[in-house]
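In case you want the letters, here they are:
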Amino acid sequence: VQLQASGGGLVQAGGSLRLSCAASRNILSITVMGWYRQPPGKQRESVGYITDNYNTDYADSVKGRFTISRDNAKNTVYLQMNNLKPEDTATYYCNAGLNPSRPGRLWGQGTQVTVSS
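Note that this is a predicted model, so its numbers are computed, not measured. (Residues numbered from 1 in each chain as written. Predicted model: local features only at pLDDT ≥ 70, side-chain atom pairs only at ≥ 80, totals over all residues. Heavy atoms only, no water.)

Which residues make up the state of the cysteines, and what are the values?
Evaluation of the coordinates by the stated rule reveals one disulfide. What pairs with Cys21 in a disulfide is Cys94, and their sulfur atoms sit 2.2 Å apart. One disulfide, between Cys21 and Cys94, carries an S-S torsion of 70° and so falls in the right-handed class. Of this pair, Cys21 sits in strand β3 (residues 17–23) while Cys94 sits in strand β9 (residues 90–97), placing them 73 residues apart in sequence. You can call Cys21 buried: its relative accessible area is 1%. What makes Cys94 buried here is its relative accessible area of 1%. (Disulfide = S-S within 2.5 Å. Helix = DSSP H or I, 4+ residues; strand = E, 2+ residues; numbered from the N terminus. Buried < 20%, exposed > 50% of the residue type's maximum accessible area, 1.4 Å probe, protein only.)

Pulling in residues and values, what's your account of the environment of Asn72?
Position of Asn72 relative to the elements: it lies in the loop between β7 (66–71) and β8 (76–81). Counting along the chain gives 45 residues from Asn72 to Ile27, while the straight-line C-alpha distance between them is 6.1 Å. Apart from residues lying up to four places away in sequence, Asn72 is in contact with Ile27, Leu28 and Tyr54. Within the structure, the side chain of Asn72 is placed 3.1 Å from the side chain of Arg70, a separation counted as a polar contact. (Contact = heavy atoms within 4.5 Å. Polar contact = N/O pair within 3.5 Å; in protein donor to acceptor, adjacent residues only side chain to side chain.)

Tell me about empty space enclosed by the protein, residues and numbers included.
Across all of its chains, the model carries one cavity of 30 Å³ or more by this definition. Taken as a whole, the largest cavity spans an internal volume of roughly 40 Å³. Along its surface, the largest cavity is lined by Val32, Met33, Gly34, Tyr36, Tyr49, Asn95, Gly97, Asn99, Pro100, Arg102 and Pro103. The greatest single-element share of the lining of the largest cavity, amounting to four residues, is contributed by strand β4 (residues 32–38). Here the residues of the lining of the largest cavity sort into six nonpolar, four polar and one charged. (1 Å grid on protein atoms, 1.4 Å probe; cavity = no way out; pocket = protein on both sides within 12 Å on 5 of 7 lines; lining within 4 Å. Points joined across faces, edges and corners; volume = space filled by probe spheres on them. Nonpolar A, V, L, I, M, F, W, Y, C, P; charged D, E, K, R; others polar.)

Describe the pattern of salt bridges, naming the residues involved and giving the relevant values.
Throughout the structure, instances matching the rule amount to four salt bridges. We note a salt bridge from Glu45 to Arg37, for which the minimum N-O separation is 2.7 Å. Residue Glu45 is classed as partly exposed on the basis of its relative accessible area, which comes to 32%. Residue classification places Arg37 among the buried residues on the basis of a relative accessible area of 3%. (Salt bridge = Lys/Arg side-chain N within 4 Å of Asp/Glu carboxyl O.)

Any chance you could break down the side chain of Arg70 for me, citing the residues and the numbers?
The topology assignment puts Arg70 in strand β7. There is no salt bridge for the buried Arg70, and the closest opposite charge comes from Asp52, which lies 5.8 Å off by N-O distance. Apart from the residues within four sequence positions on either side, Arg70 is in contact with Ile27, Leu28, Ile30, Thr31, Met33, Ile50, Thr51, Asp52, Tyr54, Thr76 and Val77. (Lys, Arg positive; Asp, Glu negative; His and termini not counted.)

Laid out in structure tokens, this is it:
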């Protein structure tokens, strides 16, 4: 399986972006699809995930602002980001794995999100 992330860009604080992660094959069998981000000069961190039965969880820093969804028919997972803040600036990555508590081996290429103040 290959993952292709897209949708990043430059947005003003308070704005919205929707990231997409398209898989090269059916994602029904993928237990956990996660989003991670790496801010400049910092380590990669978890943003949130969605399981194969549509359970979701989010980092405290994005709860209430970010929403992860999946469209199995399109083999795509989305990250809707609202009320963006400058501290959300990062390279965002999607990930496929088995365990919500740690990333799997499959990563998409990053997509850059820059939030200006």
